[in-house]
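# Close look at the chain arrangement
In case you want the letters, here they are:
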Amino acid sequence: MDLITTNLPAEAFPSSTISAKAVIITNHSHSIRQGSFLRQASIYPHYLTDAFLSYPIQQPESKSINHAFLKDVLVGLSQPKKELNCKYFYDERGSDLFDQICQLDEYYLTRTEQMIMDRHVDEMAYQIGTGAMLVEFGSGSSIKTRTLIEALDSLVAYVPVDISEDHLLKTADDLRQRYPDVEVLPMVADFTREFQLPKTVRTPSHAAVYFPGSTIGNFPADQAAQMLSMIARVLGPQGGLLIGIDLQKEPSIIKAAYDDSRNITAEFNLNLLHRINRQLGGNFNVDQFRHHVEYDSNIGRVEIYLVSTHDQTATIQGQEFHFGIGEAVFTEHSHKYTIEGFSQMAAAAEFSLHKHWTDPERQFAVLHLVNERC
Ligand code: AVJ
């Protein structure tokens, strides 16, 4: 079997179906991308297919609609304080803009984390230990993970997890060629939801999650804590977590990282409205919104908004939304932690901090936590 696609909870799998080359777990049943992807699969369990047929409705640009996206947008814009979920930033254009953000001088996060990884990868690999299964959250093209994969002693399996299937399978083939001794088991999944670790041919001594990029910062504190508990549960006792977090620092440095002089972040934020227009048939006048960033240094949190510069109405699938002048639509949080603060939150999930690495300016940190539950 090459591929499993499902919107069923991972527990619904008979374990025999799990040793596939790829497992797709999604939370929404109707999506054009899943539909087309499914057609490429050589074999798939027939009982999983029905829910995955894409659902055609009248659309100018696309044949079908991602209903989860539509629902989240309609619900978010119906709140007294309007909001859009930042997980929808990453369509093709958004992912491209994010790559550009990562190369900005002002966006210190990516290069600083990379520098920490490059310098300390051997120590990190030693901390993770021999014979592990490495599960990466938000793996993208996995290029930056190669140094870690190579440093790990007798790595049994590498499980890249991403919601975007685009790169994932191509990446997997490439990794299999590069590392023939490692079982590469990509999973298309929303890692915010609980999932099961795939079955491997050889039994790993333990599993470790690699969660780079300060992505955990996108989640509100309660959700971040829940995610840590979920990770601990999925990994089991002695499971490891190697996680990148952005640290609290001088507010002007942080603000500049999210409000860059070339306005790439502004474009990235505004692309969400373009995406609604493109994929959900919305009619936002995107020029009448602007990017706005705030940093609350008391809680260490960046807040990103789209602010309406006019009194205006936008329509999505027949539903009208009114925006007053200066009205803000919340789009993203990016939490900045202290090492102590993050360790405390992780301790509630029974993760204890074994080691951490930072850059000389202490801008960013990579933490190694171990699930001490027995
Ligand atoms: C991908 C969540 C790490 O919060 O820094 C970058 C996303 N948003 N610029 C971050 C982001 C605007 C980024 N993370």
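The sections below set out a description of the structure shown in this document. (Residues numbered from 1 in each chain as written. Predicted model: local features only at pLDDT ≥ 70, side-chain atom pairs only at ≥ 80, totals over all residues.)

Attention now goes to the sheet that holds strand β10 (residues 301–308). Each strand in a sheet pairs with its neighbour through backbone hydrogen bonds, running either in the same direction (parallel) or in the opposite one (antiparallel). Spatially, three strands are ordered β9-β10-β13 in an open sheet, and the strand pairing comes out antiparallel. Both edges of this open sheet fall to β9 (289–296) and β13 (328–335), since each of them pairs with a single strand only. Across the sheet, the mean angle from the axis of one strand to that of its neighbour is 20°, orientation sign disregarded. Pairing of β9 with β10 involves eight bridges; the strand directions are antiparallel. The residue of β10 that forms the bridge with V293 is I304. (Pairing = 2+ DSSP bridges. Helix = DSSP H or I, 4+ residues; strand = E, 2+ residues; numbered from the N terminus. Axes fitted to C-alpha atoms, helices over the stretch in contact; angles between N-to-C directions.)

Moving on, we get to the site of the ligand. Every residue lining the ligand is accounted for by I101, L109, G213, S214, T215, G217, N218, Y258, T265, F268, E332 and S334. Within the residue set of the shell around the ligand, elements represented by two or more residues are α9 (264–280) and β13. When the residues that make up the shell around the ligand are grouped by side-chain class, the tally is four nonpolar, seven polar and one charged. (Near = placed C-beta within 6 Å. Nonpolar A, V, L, I, M, F, W, Y, C, P; charged D, E, K, R; others polar.)

Following the sequence through the fold, D311 ends up in the loop between β10 and β11 (312–316). On the basis of neighbour count, D311 is assigned to the exposed category, with 12 C-beta atoms found within 10 Å. In this structure, the C-alpha to C-alpha distance between D311 and G326, residues 15 residues apart in sequence, is 8.3 Å. When residues no more than four places from it in sequence are discounted, the contact partners of D311 are G324 and I325. (Buried ≥ 20, exposed ≤ 12 C-beta atoms within 10 Å, placed from the backbone. Contact = placed C-beta atoms within 7 Å.)

Looking now at the pairing of β10. Here β9 hands over to β10 after four residues, with G300 in that stretch at a positive phi of 70°. By the bridge criterion, seven bridges tie β10 to β13 in an arrangement that is antiparallel. Bridge assignment links I304 to a residue of β13, and that residue is E332.

It is worth spelling out α9 at this point. Compared with the 24 Å implied by 1.5 Å per residue over 17 residues, the 24 Å span of α9 between its first and last C-alpha is a close match. Residue L270 marks the point of greatest curvature in α9, where the axis turns by about 30°. Once α9 ends, the next one or two residues include G281, with phi positive near 65°. (Expected span 1.5 Å × (residues − 1). Bend = angle between axes of the 7 residues up to and from the residue.)

Shape is all these values report; function is a separate question.
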